[in-house]
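As a plain string of letters, each chain reads:
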Amino acid sequence: MKTIRLNESEDRDFIERVSRESGQAVENCYQCGKCTAGCPVAFAYDLMPHQVMRMVQMGLKEEVLRCQSIWLCASCVTCTVRCPRKIDVAMVMDTLRIMARRKGMVPPGRGRNVALFNNNFLGSIQKYGRLFEFATMVMFNLKTGQPFREANTGLTMLRRGKLKLSVTKPRGLEEINRIFEKVRQAEKEV
């Protein structure tokens, strides 16, 4: 575990920005730990959910945005359901991912694969108007340096007709592209 200096000045703008963008009063967290106790993915985290919340409260922007935990969060909302202060911790994690992406930060460790998959998934939706599973997984495997990962599963799915080698574009692809453009514009405004 990394040592954090508490005497560093807190970034009040960061705290307010996380609260505003997530719609959550992060300052209301009193560190009961119920979010961490219920998290099914906590075993893989470098910082536990309650630690992420505390670091946000302390304004430790760089440390929080560089942690793996925000990328590994499954958004299952167990933390949110368990929170006695009614804080949507999963929404805070999602907001932190967006902020890290906006800053161009490369996720560390296993978080990198999550970000790669997310980019491939959204790229497929934007290009084809729907998820093209075959191309999404092939690109993911190539980008992670594991071109034959799950190849046996893919072949089985192909033989059973569960995986297609081509995709048909739906009607309304222009509307999907407009949605992506609106999201890009909204991200610039924040």
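You'll find the structure just up there.
Basis of the calculations
- Residues numbered from 1 in each chain as written.
- Predicted model: local features only at pLDDT ≥ 70, side-chain atom pairs only at ≥ 80, totals over all residues.
- Heavy atoms only, no water.
- Patch = residues over 30% accessible without salt bridge, like charges linked within 9 Å, V, L, I, M, F, W, Y side chains within 5 Å.
- Areas by Shrake-Rupley, 256 points an atom, 1.4 Å probe, with all protein chains shown as cover.
- Salt bridge = Lys/Arg side-chain N within 4 Å of Asp/Glu carboxyl O.
- Helix = DSSP H or I, 4+ residues; strand = E, 2+ residues; numbered from the N terminus.
- Buried < 20%, exposed > 50% of the residue type's maximum accessible area, 1.4 Å probe, protein only.
- Core = buried A, V, L, I, M, F, W, Y, C linked by side-chain atoms within 4.5 Å.
- Contact = heavy atoms within 4.5 Å.
- Axes fitted to C-alpha atoms, helices over the stretch in contact; angles between N-to-C directions.
- Parallel < 35°, antiparallel > 145°, perpendicular 65-115°, else oblique.
- Nonpolar A, V, L, I, M, F, W, Y, C, P; charged D, E, K, R; others polar.
- Polar contact = N/O pair within 3.5 Å; in protein donor to acceptor, adjacent residues only side chain to side chain.

### Looking at a nonpolar patch on the surface
And then number 1: On the surface, F134, V138, M139, L142, L155, L158 and L165 cluster together into a nonpolar patch covering about 590 Å² of accessible area.
And then number 2: Looking at the nonpolar patch, the elements with two or more residues in it are α9 (133-143) and α10 (151-159).
And then number 3: It is α9 that contributes the most residues to the nonpolar patch, four residues altogether.
And then number 4: Taking the relative accessible area as the measure of exposure, V138 reaches 34% and is therefore partly exposed.

### Quick look at the nonpolar core
And then number 1: Counting 37 residues, the largest nonpolar core has V18, Y45, V52, I70 and L96 as the members making the most contacts within it.
And then number 2: Counting residues per element, this core draws most heavily on helix α7 (residues 89-102), which supplies seven residues.
And then number 3: Every residue in contact with L96, bar those within four places of it in the chain, is listed here: F14, V18, V52, V56, V64, L65 and I70.

### Observations concerning unusual backbone geometry
And then number 1: With phi around 65 degrees, V77 is a residue other than glycine that occupies positive phi space.
And then number 2: Its location among the elements puts V77 in the loop between α5 (69-72) and α6 (78-82).
And then number 3: V77 gets classed as partly exposed once you look at its relative accessible area, which sits at 35%.
And then number 4: Within the chain, E150 stands out as a residue other than glycine whose phi angle is a positive 60 degrees.
And then number 5: For E150, the location among the structural elements is in the loop between α9 and α10.
And then number 6: A residue is classified by how much of its surface remains accessible, and E150, at 53% relative accessible area, is exposed.

### Side note on the packing of helix α8 (residues 111-128) against helix α11 (residues 173-189)
And then number 1: The N-to-C vectors of α8 and α11 enclose an angle of 135 degrees; their axes lie 8 Å apart at closest approach. The angle between α8 and α11 places the two elements in the oblique class. Facing α8, whose interface residues are L122, I125, Q126, K127 and Y128, α11 presents L173, I176, N177, F180 and R184.
And then number 2: Grouping the constituent residues of the contact of α8 with α11 by class yields six nonpolar, two polar and two charged.

### Considerations on the side chain of S69
And then number 1: Relative to the helices and strands, S69 resides in helix α5.
And then number 2: At a separation of 2.8 Å, a polar atom in the side chain of S69 contacts the side chain of D46.
And then number 3: If near-sequence neighbours (up to four positions away) are discounted, S69 is found in contact with Y45, D46, L47, V52 and M93.

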